[in-house]
Amino acid sequence: MKTTRKRYSADFKAKVALEAIRGDLTLAELAAKHGVHHTMIASWKRQAIAGMAGTFSGAGEAARAASEAEVDKLHAKIGQLLVERDFLAKASGR
């Protein structure tokens with residue numbers, strides 16, 4: 001029997017992780033409340049805490065700028081390779 005994995009939205013994960021960080025309820029209580037396994041909640045909590053440092057350091061903006069520069073560079077390379085392919089196809093008589 002094939003079952004599909006349940007996917008949770010980022011908003012839901014953030015809400016549950018925030019509740020876990022607050023510590024008002026235990027992980028078991030949160031798991032029962034939201035119908036999610038407690039190890040998933042613990043994982044989301046760890047990810048949220050790790051991501052907080054990036055929020056305040058500005059590393060996210062630098063990474064985004066670097067990725068945009070990389071995309072521009074790759075688009076230029078694709079254009080160059082297309083021109084070379086077309087030139088070689090014409091040169092070979094195809």
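Refer to the structure presented above.
The following refers to the structure shown. Quick caveat, the model's predicted, so the values are computed rather than measured. (Residues numbered from 1 in each chain as written. Predicted model: local features only at pLDDT ≥ 70, side-chain atom pairs only at ≥ 80, totals over all residues. Heavy atoms only, no water.)

### Thoughts on the pattern of salt bridges
Two side chains bearing opposite charge may form a pair once their charged atoms approach each other closely. Scanning the model with the defined rule gives 2 salt bridges in all. Across the pair Glu19 and Lys33 runs a salt bridge whose closest N-O atoms are separated by 3.2 Å. Here Glu19, found in helix H1 (residues 10-22), pairs with Lys33, found in helix H2 (residues 27-34); they are 14 residues apart in sequence, far enough to count as distant. Put simply, Arg85 and Asp86 hold a salt bridge, and the shortest N to O gap is 3.3 Å. (Salt bridge = Lys/Arg side-chain N within 4 Å of Asp/Glu carboxyl O. Helix = DSSP H or I, 4+ residues; strand = E, 2+ residues; numbered from the N terminus.)

### Observations regarding H2
All of the buried residues in H2 are Leu30, Ala31 and His34. Buried residues of H2, seen end-on, are gathered within an arc of 100° and therefore sit on one face of the element. Across H2 from its buried face, at more than 90 degrees, point the exposed residues Ala28, Ala32 and Lys33. Those residues of H2 hidden inside the fold are in contact with H1 and helix H3 (38-57). With its phi angle positive at about 70°, Gly35 sits one or two positions after the end of H2. (Buried < 20%, exposed > 50% of the residue type's maximum accessible area, 1.4 Å probe, protein only. Arc of directions from axis to C-beta. Contact = heavy atoms within 4.5 Å.)

### A closer look at the nonpolar core
One finds Phe12, Val16, Ala17, Ala20, Leu30, Ala31, Val36, Ile41 and Trp44 forming the largest nonpolar core, which totals 9 residues. Among the elements of the structure, H1, H2 and H3 are those that each provide at least two residues to this core. Once residues lying within four places of it in the same chain are set aside, the contact partners of Ala17 are Trp44, Lys45 and Ala48. (Core = buried A, V, L, I, M, F, W, Y, C linked by side-chain atoms within 4.5 Å.)

### Looking at H1
Compared with an ideal rise of 1.5 Å per residue, which puts 13 residues at 18 Å, H1 spans 18 Å between its outermost C-alpha atoms and is within 8% of the ideal. Where H1 is concerned, the buried positions are Phe12, Val16, Ala17, Glu19 and Ala20. Down the axis of H1, the buried set is contained in an arc of 160°. They therefore lie on one face. Facing away from the buried side of H1, by more than 90 degrees, are the exposed residues Ala10, Asp11 and Arg22. Contact partners of the buried residues in H1: H2 and H3. Looking one or two residues past H1, Gly23 carries a phi angle of roughly 80°, positive in sign. (Expected span 1.5 Å × (residues − 1).)

### Remarks on the packing of aromatic side chains
Per the stated rule, a full pass over the model turns up 3 aromatic pairs. Where Tyr8 meets Trp44, the ring centres are 5.4 Å apart and the plane angle is 70°; that geometry is what we call edge-to-face. On the criterion of sequence distance, the pair formed by Tyr8 in the segment before H1 and Trp44 in helix H3 is long-range, its members being 36 residues apart. Consider the rings of Phe12 and Trp44, whose centres lie 6.1 Å apart with planes at 85°: the pair is edge-to-face. On the criterion of sequence distance, the pair formed by Phe12 in helix H1 and Trp44 in helix H3 is long-range, its members being 32 residues apart. Accessibility assignment for this pair places Phe12 and Trp44 in one class, buried. Taken together, the aromatic side chains of Tyr8, Phe12 and Trp44 make up a single cluster linked through ring pairs. (Phe/Tyr/Trp six-rings, centres within 6.5 Å; stacked < 30°, edge-to-face > 60°.)

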